[in-house]
Amino acid sequence: MMVMGTGRNRFSRGMAFLALLVAGVMLTAASALAEEQSLPVLRVAYTEFPPIEYRNAEGKADGMVIELTRKVAREAGYEPEFIYLPVGRIYLYLRNGQVDVWPGLTGIPSLREDVLESWVSPVPVELNAWYVETTPPLTHFDDLRGRTVIVIGGYTYGVLLERLQEAGDITITEAPNHRSGIDMLKRNRGDYLLDYLRPVQEILTHPSDRLIRNSKVRTRNSAWLFSLASPRSSTLRDEFDDAYLRLAERGEVPPPRKISKGFFIPGFPEDLQP
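Values in this document were obtained by computation on a predicted structure and should not be read as measured data.

A. View of the overall build of the chain. Along the chain, the regular secondary structure elements total seven helices and 11 strands. Residues counted as buried form 44% of the 274 residues belonging to the chain. Total accessible area on the chain stands at roughly 14,500 Å², and carbon and sulfur atoms take up 55% of it.

B. Structural view of the pattern of salt bridges. Scanning the model with the defined rule gives 18 salt bridges in all. Between aspartate 114 and arginine 95 there is a salt bridge; the shortest N-O distance is 3.3 Å. Here the residue aspartate 114 occupies a position in the loop between β5 (101-105) and β6 (115-117), and arginine 95 occupies one in helix α3 (residues 87-96), the gap between them amounting to 19 residues. Of the charged contacts in the structure, one is a salt bridge between arginine 163 and glutamate 166, with a shortest N-O distance of 4.0 Å. Of the two residues, arginine 163 and glutamate 166 are both situated in helix α4 (residues 160-166); the distance of three residues between them amounts to about one turn of the helix. Salt bridges sharing partners connect three or more residues here, namely Glu75, Arg246, Arg250 and Glu252.

C. Spatial organisation of helix α7 (residues 233-249). Here α7 contains 17 residues, and its C-alpha end-to-end distance of 24 Å stays within 8% of the 24 Å for a straight helix at 1.5 Å per residue. Of the positions making up α7, those classed as buried are Ser233, Leu236, Arg237, Phe240, Asp241, Ala243, Tyr244 and Leu247. Down the axis, α7 shows its buried residues gathered within 165° of arc, on one side only. Where α7 is buried, its residues contact β1 (41-46), α2 (64-75), β6 and β11 (212-227). Positive phi shows up at glycine 251, right after α7, with a value of about 75°.

D. Region of the structure containing the packing of aromatic side chains. All told, the structure shown has 14 aromatic pairs when counted by the stated rule. Judged by centre distance (5.7 Å) and plane angle (70°), the ring pair of phenylalanine 141 and phenylalanine 268 falls under edge-to-face. Of this pair, phenylalanine 141 sits in the loop between β7 (124-132) and β8 (148-152) while phenylalanine 268 sits in the segment after α7, and the two are 127 residues apart along the sequence. Both residues of the pair, phenylalanine 141 and phenylalanine 268, count as buried.

E. Here's a closer look at unusual backbone geometry. Cis geometry is found at the peptide bond from proline 50 to proline 51, where omega equals 0°. Among the secondary structure elements, proline 51 is positioned in the loop between β1 and β2 (54-55). The backbone of tyrosine 157 shows a phi angle near 55°, a positive value even though the residue is not glycine. Following the sequence through the fold, tyrosine 157 ends up in the loop between β8 and α4. The phi dihedral of asparagine 188 falls on the positive side, at around 60°, and the residue is not glycine. Within the element layout of this structure, asparagine 188 appears in the loop between α5 (178-186) and β10 (192-196). The exposure class of asparagine 188 is exposed, given its relative accessible area of 65%.

F. Fine view of the nonpolar core. Within the largest apolar cluster, 56 residues are counted, with the highest numbers of intra-cluster contacts made by Tyr157 and Leu194. Looking at this core element by element, the count peaks at six residues for β7. Residues in contact with leucine 194, not counting those within four places in the same chain, are Leu127, Asn128, Val149, Ile150, Val151, Ile152, Tyr157, Leu160, Leu164 and Val217. By size, the runner-up hydrophobic cluster in this structure holds 21 residues, among which are Val44, Tyr46, Ala76 and Trp224.

About the cut-offs
Here the residue index of a chain counts from 1 through its sequence in written order. Local features in this predicted model are restricted to residues of pLDDT 70 or higher, and side-chain atom pairs are both shown and tallied only at a pLDDT of 80 or more, whereas totals for entire chains, interfaces and linings draw on every residue. Hydrogen atoms and water are omitted, and side-chain values are computed over all heavy atoms in the structure. Strands here are runs of E lasting at least two residues and helices are runs of H or I lasting at least four, both read from the DSSP assignment and numbered beginning at the N terminus. Burial classes follow relative accessibility: with a 1.4 Å probe on protein chains only, a residue under 20% of its type's maximum area counts as buried, one over 50% as exposed, and anything between as partly exposed. Throughout, the Shrake-Rupley method with a 1.4 Å probe supplies accessible areas, and for residues the shown protein chains are the sole cover considered. By salt bridge we mean one thing: a side-chain nitrogen of Lys or Arg within 4 Å of a carboxyl oxygen of Asp or Glu. A helix is expected to reach a length of 1.5 Å times the quantity of its residues less one. As used here, the arc belongs to the directions running from the helix axis to the C-beta atoms. Contacts are assigned to residue pairs that have any heavy atoms within 4.5 Å of one another. Stacked, tilted and edge-to-face pairs are distinguished by plane angle, under 30 degrees for stacked and over 60 for edge-to-face with tilted covering the rest, among Phe, Tyr and Trp rings (Trp via its six-membered ring) whose centres lie within 6.5 Å. Here, nonpolar core refers to any group of buried Ala, Val, Leu, Ile, Met, Phe, Trp, Tyr and Cys residues whose side-chain atoms link them within 4.5 Å.

Quick look at the structure:
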């Protein structure tokens, strides 16, 4: 009987310890959740630009810069609320303060008076002219004259689209997305597709995509763009930059990039160069 009683006592003590352990874990998780929920919310706009930023199959914000934004925002003391928008709507919301920040591109002329750009630039972004192998490569901006250029709907290319539309000898046709743009090229519905490197690289998976070539048009820097409609825009930018540098020192994000003027294809409009 004593042996059985000892066994029951050990079992009871073990169950009590397990219950305390589970309670401790739950308390820690609840505490972390409460702390996370107590952080001030930062409204972060994002758009369809895979693999940099995009909405995934679950309808949630995803991508390399989205993950960076989560880390940096929380390190700076904010909880990001991601809001999926087309690019044109992002511009509007940055102007009127409906969003606080957008992980976008630097040097957008139409936003020059409306945003503060972070000093930190997470990733470089490269714009290319894509074409099938039987089309000559693009070596000068004037090579687009007399041609049909496919563009992605909703993209402004940093006002470059306006310059193409103003040219009287360039025909513009629109594709709804990156995959459609490539398919239009292969069906001879355009001579060049103006699109960014990483999104297109993500979808070049079909066997016939081996016919696709590309010429670099320009490189740009990414940044966090803070709405000047917010009275705390300057503070937010400083907090984000400082948070990124702290994370970089701990090896949790890539080291800060050196910012340069970047590459421009010969003949690229001078007024659109920084």
